[in-house]
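Chain by chain, the residues:
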Amino acid sequence: PGMDLWGAGDYYTFGSAVYTCLIIGMTYRVAFLTCSHNKYTLGIIAFTLCGYVFFLLVYPCVSFMANIFEPNMYMVPVTMVSNANFWICIFAIPLIGLSIDSFTSWAKHSIYPDAVDNIEHEEHEDMDDLTRP
């Protein structure tokens, strides 16, 4: 609906843009919450994003596939990525998530420190004691 005002698509374009923002936001969230990044976790995250891009290139952009499943989806990704509002959302959503997650994590560790936070705090105090005259 909102994208149609600027000639950027229709209901299908809007829905695909929202779903793409959902995929990117949830992929960011998984990366933020994962404590032990290694080649497997990074590979799965990359595989998820590449799989979604592959889906967008094959399903709605190939006329044979689009005509079988949903003719109205034909070339929707092209219309979607040609819209500046889509790109603003793609960059803004992870940044908003990062700011909220970082503040929440900081507040949680400040109010309810765990054992690692306590050890780091004690080490920091010990270093302060060594540097004082």
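Use the structure listed above.
Examining the overall build of the protein
Along the backbone of the protein there are six helices and zero strands. Its helices and strands taken in sequence order, the protein reads α-α-α-α-α-α from the N to the C terminus. Taking all 133 residues of the protein together, 23% fall into the buried category. Long-range contacts, defined as pairs at least 24 residues apart, comprise 55% of the intrachain contacts of the protein with a sequence gap of at least 6. A total of about 9,700 Å² of accessible surface is found on the protein, and carbon and sulfur atoms cover 71% of it.

What to know about the nonpolar core
Core analysis: the largest hydrophobic core is formed by eight residues, namely Ala17, Cys21, Ile23, Tyr52, Leu56, Met80, Phe86 and Ile90. Within the residue set of this core, elements represented by two or more residues are helix 1 (11-33), helix 2 (39-58) and helix 5 (84-111). Top element by residues in this core is helix 1. It accounts for three residues. Here Phe86 is in contact with Ala17, Thr20, Met80 and Val81, once residues within four sequence places are set aside.

Quick look at the packing of aromatic side chains
In total, this model carries eight aromatic pairs according to the counting rule given. Taking 5.3 Å as the distance between ring centres and 75 degrees as the angle between the ring planes, the aromatic pair formed by Phe86 and Trp87 counts as edge-to-face. Here Trp87 falls in the partly exposed class, since its relative accessible area comes to 40%. Grouping aromatic residues by their ring pairs yields a cluster made of Tyr19, Tyr52, Phe55, Tyr59 and Phe69.

Looking at the pattern of salt bridges
Scanning the entire structure with this criterion turns up one salt bridge. Between Arg29 and Asp101 there is a salt bridge, with the nearest N and O atoms lying 2.9 Å from each other. Within this pair, whereas Arg29 is found in helix 1, its partner Asp101 is found in helix 5, the two being separated by 72 residues in sequence. For Arg29, a relative accessible area of 33% gives the class partly exposed. Assessed through its relative accessible area of 10%, Asp101 is described here as buried.

Focus: a nonpolar patch on the surface
Taken together, the side chains of Phe32, Leu33, Leu95 and Leu98 make up a nonpolar region of the molecular surface, amounting to roughly 360 Å² of accessible area. Those elements giving two or more residues to the nonpolar patch turn out to be helix 1 and helix 5. When its relative accessible area of 36% is taken as the criterion, Leu98 is described as partly exposed.

What counts and what doesn't
- Position numbers for residues start from 1 in each chain and track the written sequence from start to end.
- Two thresholds apply to this predicted model, a pLDDT of at least 70 for residue-level local features and 80 or more for giving and counting side-chain atom pairs, whereas whole-chain, interface and lining totals are computed over all residues.
- As a convention, hydrogens and water are excluded, and side-chain values are obtained from all of the structure's heavy atoms.
- Think of it this way: any DSSP run of H or I at least four residues long counts as a helix, any run of E at least two long counts as a strand, and we number them from the N terminus.
- Exposure is judged per residue with a 1.4 Å probe applied to protein chains only, and the accessible area is read against the type maximum: over 50% gives exposed, under 20% gives buried, and values in between give partly exposed.
- Residues are treated as being in contact if the distance between any of their heavy atoms lies within 4.5 Å.
- Reported accessibility uses the Shrake-Rupley method at a 1.4 Å probe radius. Residues are deemed covered only where the shown protein chains occlude them.
- The nonpolar core is taken to be a set of buried Ala, Val, Leu, Ile, Met, Phe, Trp, Tyr and Cys residues, with the residues joined through side-chain atoms within 4.5 Å.
- Think of it this way: a Phe, Tyr or Trp ring, Trp meaning its six-membered ring, pairs with another when their centres are within 6.5 Å, and the plane angle makes it stacked under 30 degrees, edge-to-face over 60, tilted otherwise.
- The salt bridge criterion pairs a side-chain nitrogen of Lys or Arg with a carboxyl oxygen of Asp or Glu, the two atoms within 4 Å.
- By definition, no residue in a patch forms a salt bridge, and every one has over 30% relative accessible area; like charges are joined within 9 Å, nonpolar side chains (Val, Leu, Ile, Met, Phe, Trp, Tyr) within 5 Å.

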